[in-house]
Amino acid sequence: MRLLLLIFCMFSLSFAEVIQSVKVNNITYMSESLAKDIINIKSGEKLDYGKVDAAILALYKQGYFNDIYATFDNGILQFFVKEKPAIASIELKGYGTQSEKETIYGQIGIKKGDTYDDIKLDKALETLKQMLEYKGYYGSVIEPSVVELSEGRAVAITLNVNRGDTIIIEKSYYEGATKLPKRKLESLSANKQRDFMGWLPGLNAGKLMLGEIELDSLRIQDSYMRNGFLDAQVSNPLLSVNMTNHKAQLYYNVSEGEQYKVSGISFVIDSEHKDEITEEELKKDLSAKIGEVFNIQNVRDDSQRIKLKVADLGYAYVAVNPDLKKNAEKQEVEVVFHIDFGKKVRINDVLITGNTRTGDRIIRREILIAPGDIYSLGKIQSSEIALKRIGYFENVRIDERRISEDSMDLVVNVTEGRTGELTFGIGYGSFYGLMVNASVNERNLFGSGFGASLYANVSFGGDFSFYNTSRTSFFTATQQAFNLSLTNPRILDSKWSLSMNLYYSRYLNYVYTQQSVGGGFTVGRLLLPTLRLNVGYDINKTDTFGFYNLYTGQAQPQYQKYYDSGNIDYTINNPNWDGKQGQGQTQDCTTNPSSCGSITNKEFLKYRTQGLWDRSYSGWDNAPIKSSITPSLVFDNTDDYYFPKNGNSTTLSLNIAGIGGDVYYTKLYAKTGFYFDISKWTKIDLIARYKAQGGYLFRYSPNHFLPLNDTFYMGGVGTIRGYSSYSITPLDSDGLRVGGDGIFTNSVELSYGLIPSAKMRVALYADYGILTYHGANGAANFKQYGTIYGNSSILARGAAGVAVEWVSPMGPIVIVIPMLWYGPTDPMGIGPSKIFSYGTANDIRASGGYLTNYPSFFEFTMGTRF
């Protein structure tokens, strides 16, 4: 029988048909050649029905087909497939903001372009329901709608969500808990009792998070461990829910035990490594303190600090395991850190990825560790911060790739960011009028690390560009500014830097027009990764002329005394002049000044004043030349270029004028900013900032020329937001704006991440500052500025409000909306200071004085780091 069966099989095989060709019909999702590779049946083979079945199964497993069958006729093996329809669209209705929907689409496992089947849809519905429950919505109903398109080749899916109700934990009970307040007990829990007015931002609304409830027992126990209760035990939760009103009660049983204090801190290190680091070094800066209440979080943080210290010695794979030795009788615990050093690790290679524009060497020069170096976690972290700080990249991450027990690669992952701004703008402001500006600013030119900037700004047509009096009528641009600068921050990839700039400007101040042309260069040296020394030289020629009060349109030629010598005769419009009485004769009021106040029939009043200097500095030919050298120190260990969350940025400079030229003084200036990320305590994206600046001008002699524009003024972004830019100044005995010889301003800010994905934040701020000046009784004595002569006085201002901060496609933008002011409430700014708001600020603006006390209601700036 067996022999007959074998003969039959051999006979069948000898006569099996040969496959002449293989075809796949109705296929669109994949190429026919790929399908044939999956089928794995070639022309010339003999037909094998078992192999055909395996081919059909292999195709089906690809997930693209609802049905597959095969035919064989005249040597042609054909596979016919019925493809699953494609998902043409998927839409979520009834729940979620647009950003929430985008997150949901990415998580439910079904998306546009996928093939459709019922199993995928069921999984998507289940995932969506779980996501809603995780958000605290229970009993949600999701009704899918599947509409066929293109004769069944595609479908449009709509998920209609009827969101369920939230269950609110109305009351939570902790039986046996007496030693910790409930707020501290629940501080780490996802499920906790609803706060009073819990709907307010920052308060707990009491939503039930069912997916988290099993872990809350451990979180509560951890709260006890953070407060010294090492023996605390917490039961599993018991949840009682009333589905009629969707209110819940939450119950735990707690055994607290006793509170422990730290009796000692010790370290266990093997003899091979004991000499590499001392116990004193390991104990330095630890959070756990002997004699204080034990806190498990301090132990965790200290483990990381110890790990960092040892890792900086080259032990990348160090393990730190804390152990607790309890003394239940004394309620004391000794913390013992077991340190396993492992082997010392060297860096095998530093690999850079993600830089599509910036050259590798630009990145490598910021990295403080190189191939062949001993591993240092501190240097790796500092390198990551340094790369973020230069502002070339949107994201930076340095990963460690283990090669062996004693070597590793570092992989520097960067995402190119926006380093340049090309802007052209047209705007309007009440002071400068129509503003037309264009700029090209690139901090990373062609990925070379070079910086280049070309800026032009022309403004005209503002409130103060057109004056029309009986004597003078003219129209002029309120501002013209042009600047070209080039910077190489790392010459030949060394620690030296060089920058050069040329500039020209002409603009209207509140009381004069100033025209300046100049240039300079700065040489710098990187002393430390966060500390730079710069020495700059600048030379310019500045002409000051056109003395008018821009608020009243009245000429103020008395300002000429600050740029001239000898007797200066000038005339001004008589405020009491009545043109109907006819033309009068000009009177020389210098002989009898007291009579000028009552003159009503003289169109002009003539005065004489005394110039302050021994020569004239009026007119372009006589304009003073300022030649100065400025050494400066710049420290910056902040963790981001635009939005630092931690660190400090400080600049200290000394401007020494008198390296030739006509201007002699020394100006000391310092500016600092401290940044604190407080989200780790508040769980809200908050950054606290403190910024301050101070400066003083030292003069060698009262007879040395001092330009008005070189003194200090306050107001506007950078000093006191809420007052018009540079409007805050002391006045001399004639009511002239002269600035101060010293300045100190500081501000406190609290910045909240409004739309983190768009890099937009909103900040509350409070600014306060003072100007110092020589003089008494509110009148400045300009010649004594910066000297040891005469009395000193101060002028104080403050403001508070809201600022919107945004890194826009055009560059960083700040919009400031002041709300409260501190200062005098009279227009001349000479009365007592008080806090006031919009009503009083509007009265001051409407009064028309503005010389030193002009509140602003809106401010805007671009290109400023936050």
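Look above for the structure.
Computed from a predicted structure; not experimentally measured.

Help me out: how do you make sense of the overall build of the protein chain in this one?
The helix and strand inventory of the protein chain stands at 13 helices and 41 strands. Taking all 866 residues of the protein chain together, 43% fall into the buried category. In the protein chain, 61% of the contacts between residues at least 6 apart in sequence involve partners at least 24 apart. As presented, the protein chain carries roughly 44,100 Å² of accessible surface, and 55% of it is formed by carbon and sulfur atoms.

I'm lost on the sheet that holds strand 3 (residues 76–83) in this one. Help?
Whether parallel or antiparallel, the strands of a sheet pair through hydrogen bonds between backbone atoms. One open sheet accounts for three strands, arranged 1-3-2; its pairing is mixed. Both edges of this open sheet fall to strand 1 (21–25) and strand 2 (65–73), since each of them pairs with a single strand only. In this sheet, neighbouring strand axes are inclined to one another by 15° on average, regardless of whether the strands run parallel or antiparallel. Of the pairings in the sheet, the one linking strand 1 to strand 3 comprises five bridges and is parallel in character. The residue bridging S21 from the neighbouring strand is I76, located in strand 3. Packed on one face of the sheet, helix 2 (residues 32–39) meets strand 1 and strand 3 and runs near 120° to strand 1. Docked against the sheet, helix 3 (residues 49–60) engages strand 2 and strand 3, running at close to 155° with respect to strand 2.

Explain a nonpolar patch on the surface to me, please; I cannot follow it from the model alone.
Residues L527, L528, L533, V535, L633, L652, L654, L668 and F698 make up a contiguous nonpolar surface patch of about 700 Å² in total accessible area. Mapped by element, the contributors of at least two residues to the nonpolar patch are strand 26 (513–528), strand 27 (531–545) and strand 32 (647–661). Mapped onto the fold, L527 is located in strand 26. Given the relative accessible area of 42%, L527 is considered partly exposed.

It is not clear to me how the sheet that holds strand 17 (residues 393–404) should be interpreted in this structure. Could you clarify?
An order of 16-18-17 is seen for the three strands of this open sheet, with the pairing classed as mixed. Unpaired on one side and paired on the other, strand 16 (346–353) and strand 17 mark the two borders of the sheet. Averaged over all pairs of adjacent strands, the angle between strand axes in this sheet comes to 20°, irrespective of strand direction. In this sheet, strand 18 (residues 407–416) lies alongside strand 16 in parallel orientation, the contact comprising seven bridges.

Would you take a moment to explain the environment of K184 for this structure?
Checked against the element boundaries, K184 lands in helix 6 (residues 182–185). Its relative accessible area of 39% is what places K184 among the partly exposed residues. Along the primary structure K184 and R226 are separated by 42 residues, whereas in three dimensions their C-alpha atoms are 10.0 Å apart. In this structure, K184 is in contact with S223 and N227, ignoring residues within four places of it in sequence.

Is there a simple way to explain the packing of helix 2 against helix 3 in this structure?
Between two packed helices, the angle of one axis relative to the other and the distance separating the axes together describe the packing. Between helix 2 and helix 3, the least distance of the axes is 8 Å, while the angle of their chain directions is 125°. Between helix 2 and helix 3, the angle falls in the class oblique. Contact residues: helix 2 offers A35, I38 and I39, while helix 3 offers A55, A58 and L59. The class makeup of the residues in the contact of helix 2 with helix 3 is six nonpolar, no polar and no charged.

Quick question: what am I supposed to make of the packing of aromatic side chains here?
The way to describe two aromatic rings as a pair is by their centre distance and the angle between their planes. Taken as a whole and judged by the stated rule, the model has 21 aromatic pairs. Taking the centre distance of 4.9 Å and the plane angle of 75° together, the rings of Y562 and F782 count as edge-to-face. Linking Y562 in the loop between strand 27 and strand 28 (567–573) with F782 in the loop between strand 37 (779–780) and strand 38 (792–808), this pair joins segments that are 220 residues apart in sequence. The two residues Y562 and F782 agree in class, both being buried. Where W613 meets F705, the ring centres are 5.5 Å apart and the plane angle is 75°; that geometry is what we call edge-to-face. With a gap of 92 residues between them, W613 in the loop between strand 30 (604–610) and strand 31 (625–636) and F705 in the loop between strand 34 (686–698) and strand 35 (742–755) connect regions that are remote in the sequence. Following the ring pairs from residue to residue traces out a cluster consisting of F547, Y559, Y563, W613, Y617 and F705. Over the ring of Y765 we find R721, and its NZ or CZ is 4.0 Å from the ring centre. For R845, the ring lying beneath its charged end belongs to F857, and the centroid distance is 4.5 Å.

Can you walk me through the pairing of strand 17 in this structure?
Put simply, side chains in a regular strand alternate between the two faces of the sheet. Judged from the ten bridges that link them, strand 17 and strand 18 form a sheet pairing that is antiparallel. Considered in strand 18, the bridge of D399 is made with V411. Between strand 17 and the antiparallel strand that follows it, strand 18, lie two residues.

Explanation requested: the environment of T356 in the structure shown.
Mapped onto the elements of the fold, T356 is located in the loop between strand 16 and helix 10 (360–364). Between the alpha carbons of T356 and T415 there is a distance of 8.4 Å; along the sequence they are 59 residues apart.

Help me out: how do you make sense of helix 7 (residues 213–225) in this one?
For an α-helix the count is 3.6 residues per turn, leaving residues at separations of three or four pointing the same way. The end-to-end C-alpha separation of helix 7 is 19 Å, in line with the 18 Å expected for 13 residues at 1.5 Å each. Taken as a whole, helix 7 has its buried residues at I213, D216, S217, I220, D222, S223, Y224 and M225. Structurally, helix 7 contributes buried residues whose contacts are with strand 9 (168–175), helix 6, strand 10 (233–234), strand 11 (238–242), strand 12 (247–255) and helix 9 (296–311).

Would you take a moment to explain the pattern of salt bridges for this structure?
Oppositely charged side chains may form a pair once their charged atoms are brought near each other. Going through the model one piece at a time under the given rule, you end up with 23 salt bridges. The residue D231 makes a salt bridge to K326 at a minimum N-O spacing of 2.6 Å. Taken together, the residues D231 in the loop between helix 7 and strand 10 and K326 in strand 14 (residues 319–327) connect sequence positions 95 residues apart. Since its relative accessible area comes to 27%, D231 is described here as partly exposed.

It is not clear to me how the nonpolar core should be interpreted in this structure. Could you clarify?
In terms of nonpolar packing, the biggest core is built from 46 residues, with F267, I306, I339, Y375 and V412 touching the most fellow members. Every element with two or more residues in this core is listed here: strand 13 (261–269), helix 9, strand 15 (332–340), strand 16, helix 10, helix 11 (377–389), strand 17 and strand 18. When near neighbours in sequence (up to four residues on either side) are disregarded, I306 contacts F267, L282, L286, V320, F337 and I339. Within the second largest apolar cluster, 37 residues are counted, among which are Y559, V663, Y713 and V738.

What counts, and at which threshold
Residues numbered from 1 in each chain as written. Predicted model: local features only at pLDDT ≥ 70, side-chain atom pairs only at ≥ 80, totals over all residues. Heavy atoms only, no water. Helix = DSSP H or I, 4+ residues; strand = E, 2+ residues; numbered from the N terminus. Buried < 20%, exposed > 50% of the residue type's maximum accessible area, 1.4 Å probe, protein only. Contact = heavy atoms within 4.5 Å. Areas by Shrake-Rupley, 256 points an atom, 1.4 Å probe, with all protein chains shown as cover. Pairing = 2+ DSSP bridges. Axes fitted to C-alpha atoms, helices over the stretch in contact; angles between N-to-C directions. Patch = residues over 30% accessible without salt bridge, like charges linked within 9 Å, V, L, I, M, F, W, Y side chains within 5 Å. Salt bridge = Lys/Arg side-chain N within 4 Å of Asp/Glu carboxyl O. Parallel < 35°, antiparallel > 145°, perpendicular 65-115°, else oblique. Nonpolar A, V, L, I, M, F, W, Y, C, P; charged D, E, K, R; others polar. Phe/Tyr/Trp six-rings, centres within 6.5 Å; stacked < 30°, edge-to-face > 60°. Lys NZ or Arg CZ within 6 Å of the ring centre and 35° of its normal. Expected span 1.5 Å × (residues − 1). Core = buried A, V, L, I, M, F, W, Y, C linked by side-chain atoms within 4.5 Å.

The quantities given are spatial measurements derived from coordinates; they are silent on function.
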